[in-house]
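# A structural walkthrough
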Amino acid sequence: MATREERKELFNHVIRRDGKPGRVPLLCNVSSSWKVLESRYPLSDALRNGEHLKQCTLDFHEKYDYDAYCDMGGRNPLRVADALGISGHIIDDAAGTISIKDNKYMTEDDYDIILKKGWKRWLLENYLPRRLQVRSAEEFADKLDSGVPEMLKYFEEMGQIGAAMNERNALGGGMSFVIQPACMLMNWYRGIENFSIDLRRRKEKVKAVLDIIWEETSPYAHADSTLEEQADVSTANKMIMTSKINADDPNCMAMANHQATFLSNAVMNPKQFEYFIWPYFSQALDYAVAHNQTVFLYAEADVLRFKDYINSVPKGTMAVMLEMDDLFEAKKVIGDHVALVGGYPVNYLYHKSIEENIDLCKRIMDEVAYDGTYIYSENKIVCHKTDADPEKLKAVVDFFRNTKY
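Presented here is a report on the structure given in the accompanying data block.

## Topic: the sheet that holds strand β5 (residues 171-172)
- Taken in spatial order, the three strands make up an open sheet running β1-β2-β5, and their pairing is parallel. Strand pairing shows two members of the sheet lacking a second neighbour, β1 (27-28) and β5, which therefore form its edges.
- Bridge count for β1 against strand β2 (residues 68-69) is two bridges, and the pairing is parallel. Residue pairing across strands places Cys28 opposite Tyr69, the latter belonging to β2.

So, in structure tokens, the structure goes:
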């Protein structure tokens, strides 16, 4: 098993483009739910039991030995949602599936309220009472009394899983997370359908609210200020700020200094992307470039539509996850500027033979990874039984780990 330092060095070479690593680094895009499916525990049990989830995570790492993980168990905090009475998860133990309802807890009228009172006050005074379904301060306090202890226990258990994975030399995706306000608004508050409509009908209000969210919640909006100078920001933001400042800490267990997630780009055209996403993300990029740090962009849907923006990023700064884009086409379009991550089709991992999978691995080595700028990962989050066959997944991961440049 490689050491943590050796794993980090693999990713550094690939993202910084400063020489071929010894082999292709491995980033796991397998969700905690699929890891549970390989265990003896039902989904509904393990995702609510910290010890069981920890065992599933460690067993998976022992078997597959990825270098870094997008999900170490924290993807579905079911117990917290259960305690607060707000769970939108739908679990089918027999089918081995988990899904979640589209969030629609922000109304179109809330845009004006946020513009008037700000994001944090709206969360406390409008969103939380609505989300928690409470009508009085007493009901609100009762909900928090039941939910906060579970939340603290959940964070403790996730910390224990992270520490155990750290002991086994596994890395995370990024030391500091660049949360995109458009993704927050779509995924957590407005919902995909409503947000898509808002982009056209309420363009200026959406942008104004995104500005407020970024200003009030993102440390990258105040990239050069110290924690003392950010005395007015929340405790959570101070934690993020600390991780950003310490992103080059040699003890951090991450494949990159910063990780950003693009979700709302899936419902945007390039002009909307430039207006609603790029202004915020570019601030985080500027910070990373100024401090000689790396960025891992976890992007869902297709990203080659935004090739001009990606190709404007200085070489040796960013690695980009590929979901819907063809890996070989991406090599031609953006491969000269950024490292490519993923693009390995999950349909191969279930429907194709081991031999066909190995043939694809060899083609990737010859046509994409030959110059040392590729990180293996699955092109979609592996969640369900039919997303990947364990034997085929093991064969692919072993191939890339054992193939030297």
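Structure's up, so let's keep going.
## Some remarks on the pairing of strand β9 (residues 318-322)
- Within β9, five of the five residues are buried, leaving the element largely enclosed by the surrounding structure.
- Residues Met318, Val320 and Leu322 point to one face of β9 and Ala319 and Met321 to the other, with burial holding for every one of them.
- When strand β8 (residues 295-299) meets β9, the two strands line up parallel, connected through three bridges. Bridge pairing in β9 places Phe296 opposite Ala319.
- One ladder, built from four bridges, connects β9 with strand β10 (residues 339-342); its direction is parallel. Counterpart to Leu322 in the pairing with β10 is Gly342.
- After leaving β9, the chain enters helix α16 (residues 327-333) and then returns to the sheet as β10, a path that is right-handed.

## Thoughts on the packing of aromatic side chains
- Under the criterion given, the structure shown has 26 aromatic pairs.
- Between the aromatic rings of Phe60 and Tyr64, the centroid separation amounts to 4.5 Å while the plane-to-plane angle is 35°, which identifies the pairing as tilted. Taken together, the positions of Phe60 and Tyr64, both in helix α4 (residues 50-64) and four residues apart, correspond to about one turn of that helix.
- A ring pair is formed by Tyr344 and Tyr376, whose centres lie 5.6 Å apart and whose planes are at 65°; its orientation type is edge-to-face. One end of the pair, Tyr344, is in the loop between β10 and α17 (346-351); the other, Tyr376, is in the loop between β11 (374-375) and α19 (390-402), with 32 residues separating them in the sequence.
- Taken together, the ring pairs in this structure connect Phe262, Phe273, Trp278, Phe281, Phe306 and Tyr309 into an aromatic cluster.
- Taking NZ or CZ as reference, Arg131 lies 4.0 Å from the ring centre of Tyr105, over its face.

## Considerations on empty space enclosed by the protein
- What the rule picks out here adds up to three cavities of 30 Å³ or more.
- One number sums up the size of the largest cavity: a volume of about 70 Å³.
- Looking at the lining of the largest cavity, the element that brings in the most residues is helix α8 (residues 137-167), giving three residues.
- Broken down by class, the residue content of the lining of the largest cavity amounts to seven nonpolar, four polar and three charged.

## Concerning the environment of Asp110
- Mapped onto the secondary structure, Asp110 falls in helix α6 (residues 110-117).
- C-alpha separation for the pair Asp110 and Arg4, spaced 106 residues apart in sequence, amounts to 46 Å.
- For Asp110, the residues in contact, after removing those within four places along its chain, are Tyr105, Trp122 and Arg130.
- Only 2.8 Å separates the side chain of Asp110 from the backbone nitrogen of Thr107, close enough to count as a polar contact.

Parameters and conventions
Here, residues in each chain are numbered from 1, in the same order as that chain's written sequence. Two thresholds apply to this predicted model, a pLDDT of at least 70 for residue-level local features and 80 or more for giving and counting side-chain atom pairs, whereas whole-chain, interface and lining totals are computed over all residues. The basis for every side-chain value is the complete set of heavy atoms in the structure, and neither hydrogens nor water enter the calculation. Two strands make a pair as long as DSSP finds a minimum of two bridges between them. By definition, any uninterrupted DSSP run of H or I lasting at least four residues is a helix, any uninterrupted run of E lasting at least two residues is a strand, and each is numbered from the N terminus. Here the term buried applies to any residue with accessible area under 20% of the maximum for its type, exposed to any over 50%, and partly exposed to those in between, with areas from a 1.4 Å probe on protein chains only. Orient the strands so they point away from the viewer; a crossover is then right-handed if the path from the first strand over the helix to the second runs clockwise. Aromatic contacts are taken between Phe, Tyr and Trp rings whose centres are within 6.5 Å, Trp giving its six-membered ring; a plane angle under 30 degrees counts as stacked, one over 60 as edge-to-face, and the others as tilted. In this scheme, Lys NZ or Arg CZ marks a charge over a ring once it lies within 6 Å of the ring centre and within 35 degrees of the ring normal. Here a cavity means grid points, on a 1 Å grid over the protein atoms only, where a 1.4 Å probe fits yet cannot get out; a pocket means an open set of points with protein on both sides within 12 Å along at least five of seven lines; lining residues are those with an atom within 4 Å of a point. Grid points are joined across faces, edges and corners, and a volume is the space filled by probe spheres set on the points. Classification convention: Asp, Glu, Lys, Arg as charged; Ala, Val, Leu, Ile, Met, Phe, Trp, Tyr, Cys, Pro as nonpolar; all other residues, Gly among them, as polar. Any two residues whose heavy atoms approach within 4.5 Å are treated as being in contact. We call two N or O atoms a polar contact when they sit within 3.5 Å, provided that within protein one can donate a hydrogen and the other can accept it, with sequence-adjacent residues counted only if both atoms are side-chain atoms.

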